[in-house]
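# Summary of structural features
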Amino acid sequence: MRLGTALTLIALGAILEFAVAVRDTHGFDVNPAGAILMVVGIVGLLAELAPVSIRRRTDVIGRTPVAPTAYEARY
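Residues numbered from 1 in each chain as written. Predicted model: local features only at pLDDT ≥ 70, side-chain atom pairs only at ≥ 80, totals over all residues. Heavy atoms only, no water.

### Some remarks on the overall build of the protein
Within the protein, the secondary structure is distributed over three helices and zero strands. Secondary structure elements in the protein, listed N-terminal to C-terminal, are α-α-α. Put simply, of all contacts in the protein between residues at least 6 apart along the chain, 62% involve residues at least 24 apart. Counting only carbon and sulfur atoms, one obtains 63% of the accessible surface of the protein, whose full area is about 6,700 Å². (Helix = DSSP H or I, 4+ residues; strand = E, 2+ residues; numbered from the N terminus. Contact = heavy atoms within 4.5 Å. Areas by Shrake-Rupley, 256 points an atom, 1.4 Å probe, with all protein chains shown as cover.)

And the structure:
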């Protein structure tokens, strides 16, 4: 799951959980569906950001040029 998808699921779940008030739905309740979408979005967000936080920092060390060897100078 990508970052945008996770954020979209969190936003959609929050809208269903807190902003929608439906009284008579037969067999389907919108509020728990919103909570489930928010949980799935948060899990996806954590899964997306976890490799970034544990990635090691690597430094690139440049090498200075050296004089050619006697073999390289002949050819």
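Once the structure has been displayed, the description carries forward.
### Quick look at helix H1 (residues 3-19)
Between the first and last C-alpha of H1 there are 23 Å, a value that for 17 residues agrees with the 24 Å anticipated at 1.5 Å per step. If you check which residues of H1 are buried, you get Ala-6, Leu-9 and Gly-13. Down the axis of H1, the buried set is contained in an arc of 60 degrees. They therefore lie on one face. Exposed residues on H1 whose side chains face more than 90 degrees from its buried face are Thr-8, Phe-18 and Ala-19. (Expected span 1.5 Å × (residues − 1). Buried < 20%, exposed > 50% of the residue type's maximum accessible area, 1.4 Å probe, protein only. Arc of directions from axis to C-beta.)

### Here's the deal with the environment of Phe-18
Positionally, Phe-18 belongs in helix H1. A C-alpha to C-alpha distance of 8.2 Å links Phe-18 and Gly-34, two positions 16 residues apart in sequence.

### Examining a nonpolar patch on the surface
Judged by side-chain polarity, Met-1, Ile-36 and Val-40 come together as a nonpolar surface patch covering roughly 280 Å² of accessible area. One can find Met-1 in the segment before H1. A residue is classified by how much of its surface remains accessible, and Met-1, at 47% relative accessible area, is partly exposed. (Patch = residues over 30% accessible without salt bridge, like charges linked within 9 Å, V, L, I, M, F, W, Y side chains within 5 Å. Salt bridge = Lys/Arg side-chain N within 4 Å of Asp/Glu carboxyl O.)

### Observations concerning empty space enclosed by the protein
Taken as a whole and judged by the stated rule, the model has one cavity of 30 Å³ or more. Size it by volume and the largest cavity reaches roughly 30 Å³. When grouped by side-chain class, the residues that make up the lining of the largest cavity number four nonpolar, two polar and one charged. (1 Å grid on protein atoms, 1.4 Å probe; cavity = no way out; pocket = protein on both sides within 12 Å on 5 of 7 lines; lining within 4 Å. Points joined across faces, edges and corners; volume = space filled by probe spheres on them. Nonpolar A, V, L, I, M, F, W, Y, C, P; charged D, E, K, R; others polar.)

### Re the environment of Ile-15
Structurally, Ile-15 is set in helix H1. A sequence separation of 16 residues divides Ile-15 from Asn-31, and the C-alpha atoms of the two residues are 9.1 Å apart.

### Structural notes on the confidence of the model for the protein
In the predicted model, the protein carries a mean pLDDT of 82, and 83% of its residues have values of at least 70. The secondary-structure element of the protein with the lowest mean pLDDT is helix H3 (residues 70-74), recorded at 66, while H1 shows the highest, at 92. (pLDDT = per-residue confidence, 0-100.)

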